Amino acid sequence: MKRVSYMGVFFDEETKTRLIEKQKNKLPIIASDMHCTFKYAPTKSETREFFKLLGGRNIDLKITGYASDGMNSGFSIELTPEQRLVYTNDIMVDGMREIRPAHITVSMEEGAYAVNTGYLNFQKLEEPFSISGRAGVLMKDRDRNKEWVEFENPYKQLDFDER
């Protein structure tokens with residue numbers, strides 16, 4: 001079964017290298033699929049709205065903060081008003097919905113989970129900088145044990161269950 005795992009902004013190798021070099025505390029495991037998640041497990045309507053506003057486009061992101069706790073290392077992002085319209089990377093904490101800051105996991109320690117970068121206490125950078133990536137979705141096909149990034153609306157070719 002094919003499905004959208006998450007929607008976000010994905011980076012080329014040059015951008016990934018730049019982020020690795022800008023870390024203050026490089027950890028041993030580099031995130032191979034470096035990206036900024038806008039929504040994990042999006043619904044059909046969330047994915048449609050994402051593609052309407054950003055899908056397939058090159059997107060500039062402003063890097064404004066950095067954090068590392070020895071397990072995760074990454075950067076926070078200041079989203080534009082347009083980007084905020086489709087950023088819904090939320091979690092439940094003690095029964096309350098919390099929006100995690102837009103962020104990129106760059107490196108981790110053995111046994112760490114990339115998702116935990118969103119819980120770090122990001123410190124403002126003295127010199128914010130910009131990067132760019134391409135907006136798309138990570139697709140998963142569980143039957144074939146495959147995943148890939150799609151930069152065009154996947155609803156043209158697949159059936160999805162509404163959540």
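Our subject is the structure listed above.
Predicted, not measured: the structure shown is a model, and the values here were computed from it.

Q: What is the right way to read the overall build of the chain from this model?
A: Tallying secondary structure elements over the chain gives three helices and 10 strands in all. Moving toward the C terminus, one meets the helices and strands of the chain in the order β-α-β-β-α-β-β-α-β-β-β-β-β. Taking 15 Å as the expected radius of gyration for a compact globule of 163 residues, we find that the chain reaches 16 Å, a close match to that expectation. Among the 163 residues that make up the chain, the fraction classed as buried is 47%.

Q: I would appreciate a short explanation of the side chain of K16 in the present structure.
A: Structurally, K16 can be placed in helix α1 (residues 13-22). Looking at K16, the relative accessible area reads 12%, which means it is buried.

Q: When you look at the packing of aromatic side chains in this model, what are you seeing that I'm missing?
A: Two aromatic rings, taken as a pair, are described by how far apart their centres are and by the angle between their planes. Applying the stated rule across the entire model yields seven aromatic pairs. Pairing F50 with F51 gives two aromatic rings, centres 5.8 Å apart and planes at 85 degrees, and the pair type is edge-to-face. We note that F50, like F51, is buried. Where F75 meets F129, the ring centres are 5.8 Å apart and the plane angle is 85 degrees; that geometry is what we call edge-to-face.

Q: Just to check I follow, could you spell out the layout of surface pockets for this structure?
A: The method is simple in principle: a probe with the dimensions of a water molecule rolls over the atoms, and the space it marks as empty is what remains. Empty space within the largest pocket amounts to approximately 460 Å³. Lining the largest pocket are 22 residues, with Y6, H35, T37, A114 and V115 sitting closest to its centre. When residues of the lining of the largest pocket are traced back to their parent elements, those giving at least two are β1 (2-10), β3 (35-40), β8 (103-108) and β9 (123-141). In terms of residue count, the dominant contributor to the lining of the largest pocket is β8 (four residues). For the lining of the largest pocket, the residue count by class is 10 nonpolar, seven polar and five charged.

Q: How should I be thinking about the pattern of salt bridges in this particular structure?
A: Close approach of charged atoms allows side chains of opposite charge to pair. Applying the stated criterion to the full structure yields five salt bridges. Ionic pairing is found between E147 and K140, a salt bridge with its closest N-O pair at 3.6 Å. Judged by its relative accessible area of 47%, E147 is partly exposed. Residues D141 and R144 are paired through a salt bridge, measuring 3.7 Å at the closest nitrogen-oxygen approach. In this structure D141 comes out as buried when scored by relative accessible area, which is 5%. Using a relative accessible area of 57% as the deciding quantity, one classes R144 as exposed.

Q: How do you make sense of the nonpolar core when you look at a structure like this?
A: In globular proteins that are soluble, nonpolar side chains generally tend to be buried together. Residues F38, L61 and I104 are the most contacted members of the largest nonpolar core, which totals 30 residues. Elements that contribute at least two residues to this core include exactly β1, β3, α2 (44-53), β4 (58-68), β5 (72-78), β8 and β9. Dropping the residues within four chain positions of it, F38 is found in contact with M7, G8, V9, F50, L54, L79, Q83, V86, Y87, T88 and N89.

Rules behind the numbers
Residues numbered from 1 in each chain as written. Predicted model: local features only at pLDDT ≥ 70, side-chain atom pairs only at ≥ 80, totals over all residues. Heavy atoms only, no water. Helix = DSSP H or I, 4+ residues; strand = E, 2+ residues; numbered from the N terminus. Rg over C-alpha atoms; globule rule 2.2 N^0.38 Å. Buried < 20%, exposed > 50% of the residue type's maximum accessible area, 1.4 Å probe, protein only. Phe/Tyr/Trp six-rings, centres within 6.5 Å; stacked < 30°, edge-to-face > 60°. 1 Å grid on protein atoms, 1.4 Å probe; cavity = no way out; pocket = protein on both sides within 12 Å on 5 of 7 lines; lining within 4 Å. Points joined across faces, edges and corners; volume = space filled by probe spheres on them. Nonpolar A, V, L, I, M, F, W, Y, C, P; charged D, E, K, R; others polar. Salt bridge = Lys/Arg side-chain N within 4 Å of Asp/Glu carboxyl O. Core = buried A, V, L, I, M, F, W, Y, C linked by side-chain atoms within 4.5 Å. Contact = heavy atoms within 4.5 Å.

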